[in-house]
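Report on the structure
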Amino acid sequence: MRALIAGWFSFENSDFTAGDLLACDLVSEWLEAAGFSCDVSVVAPLSGGVDLSEVDPKQYSHAVFVCGPFMKNALEARFLGEFADCAVIGVNLSLPVPLSDWNPFDLLVERDSSRGAHPDITFLSNQAKVPVVGVCLVEPYGGAIVEVANAAIDQLLSSREMAVVRIDTRLDINSTGLRTKSEIESLLGRMDAVVTTRLHGTVLALKNGVPALVIDPEPGGARIRRQAETIGWPAVFTVDALETRGLQRALDYCLTQEARAKARECSERAIAILASVREGFINDVKGIRAPGTGRRNRKEFAIEHGWTPRDSA
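Residues numbered from 1 in each chain as written. Predicted model: local features only at pLDDT ≥ 70, side-chain atom pairs only at ≥ 80, totals over all residues. Heavy atoms only, no water.

**Examining the packing of helix α3 (residues 146–157) against helix α7 (residues 244–254)**
To keep it simple, the criterion reads: To define axes, lines are fitted to C-alpha atoms, for helices over the stretch in contact only, and angles between the resulting N-to-C directions are given on a 0 to 180 degree scale. Secondary structure follows DSSP: runs of H or I at least 4 residues long count as helices, runs of E at least 2 residues long count as strands, and numbering of each begins at the N terminus. Relative orientations are named as follows: roughly parallel for angles under 35 degrees, roughly antiparallel for angles over 145 degrees, roughly perpendicular for angles from 65 to 115 degrees, and oblique for any other angle. Left-handed describes a crossing in which the near helix is turned anticlockwise from the far one by less than a right angle; the clockwise case is right-handed. Contact definition: two residues touch when any of their heavy atoms are within 4.5 Å. In this classification, Asp, Glu, Lys and Arg are treated as charged, Ala, Val, Leu, Ile, Met, Phe, Trp, Tyr, Cys and Pro as nonpolar, and every other residue, Gly included, as polar.
Viewed as axis vectors pointing N to C, α3 and α7 meet at an angle of 60 degrees, and their least axial separation amounts to 10 Å. Accordingly, the angle class assigned to the pair α3 and α7 is oblique. For the crossing formed where α3 meets α7, the hand is right-handed. Across from Ala152, Gln155 and Leu156 in α3, the residues of α7 making contact are Thr244, Leu247, Gln248 and Leu251. Of the residues that constitute the contact of α3 with α7, the class distribution is four nonpolar, three polar and no charged.

**Thoughts on the layout of surface pockets**
Operational definition: A cavity here means a set of 1 Å grid points, computed over protein atoms only, where a 1.4 Å probe fits but cannot escape. A pocket is an open set with protein on both sides within 12 Å along at least 5 of 7 lines, and lining residues have an atom within 4 Å of a point. Grid points are joined across faces, edges and corners, and a volume is the space filled by probe spheres set on the points.
Within this model, the largest pocket holds a volume of roughly 220 Å³. Broken down by secondary-structure element, the contributors of at least two residues to the lining of the largest pocket are α5 (199–207), α6 (223–231) and α8 (257–285). Here the lining of the largest pocket takes six residues from α8, the largest share from any one element. Of the residues belonging to the lining of the largest pocket, the class tally is eight nonpolar, three polar and one charged. Counting residues per element, the lining of the second largest pocket draws most heavily on helix α1 (residues 18–33), at three residues. Partitioned by chemical class, the residues of the lining of the second largest pocket number five nonpolar, three polar and one charged.

**A closer look at the nonpolar core**
What counts, and what does not: Working definition of a nonpolar core: buried Ala, Val, Leu, Ile, Met, Phe, Trp, Tyr and Cys residues. They are joined through side-chain atoms within 4.5 Å. The buried label applies to any residue whose accessible area, calculated with a 1.4 Å probe on protein chains only, is under 20% of its type's maximum; exposed applies above 50%, and partly exposed to all values in between.
Formed by 39 residues in total, the largest nonpolar core has its most connected members in Leu213, Ile215, Trp233 and Leu247. Per-element accounting of this core gives the leading share, five residues, to α3. Dropping the residues within four chain positions of it, Leu247 is found in contact with Ala152, Leu156, Leu213, Ile215, Phe237 and Leu242. Residues Ala6, Cys86, Val97 and Phe105 belong to the second largest nonpolar core, which totals 22 residues.

Below is the structure:
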């Protein structure tokens, strides 16, 4: 017995989803448990299957259509026509046409139809989870080599399977649709790891116990490298000293429990230091009653750089 498994992943421009593929994996497993050998029909960008337009239907005893809506349209007609001489099975389908009017299947295990409904079979899927990695990038600025850092990050992200979440910390404009400081920090705090060229991408990740792979985009490092050193965070690089294997090892490290513990340790260290900073500020600010000796220098600097005193008009 040999089965051909098809679905919306078998047709170009058919909007197939991850759920369709999870359902396909389950049905393939069920068929193999029933003693079938199986081929799966797929289109790009998927690979490893057969082309529905090239297979010989006579090679198959059964044809199975998996997952999604199934209606009286052209693609459904193509599948039913090609495999009319096979035993045709539908699994995890939604059929809006009443079965009393149209049921083209020899066996139907519907998700929902006029006959009834079942839970979507992907509840049974046991797909391995991949890391969820936030990416928080700084915009180009003077003294930084942002394009080199970004290229290294793109190469790193494409080297393995992970769910990449773009996170913008800017609030004047935000390229990722975030609206408030709470939204930004909440998203950073829910990542498995963060890859960033931003200082506050670094700080807000570590503050929430999320390991950060940090690249300072200024040659030799500047404020980001200094911040990481100050709190004792090790996974930091400068843009002029990037190396592929080093970045890979750092990402591996950031996805460990050891790194999460280190991130919490760095956060606790920073909070302890800042407790005394807060106390010192409160005490010191009480003693400032009037502009200090730098007042004249401040005004001269401002005027040199285009500031016009309000009372000069």
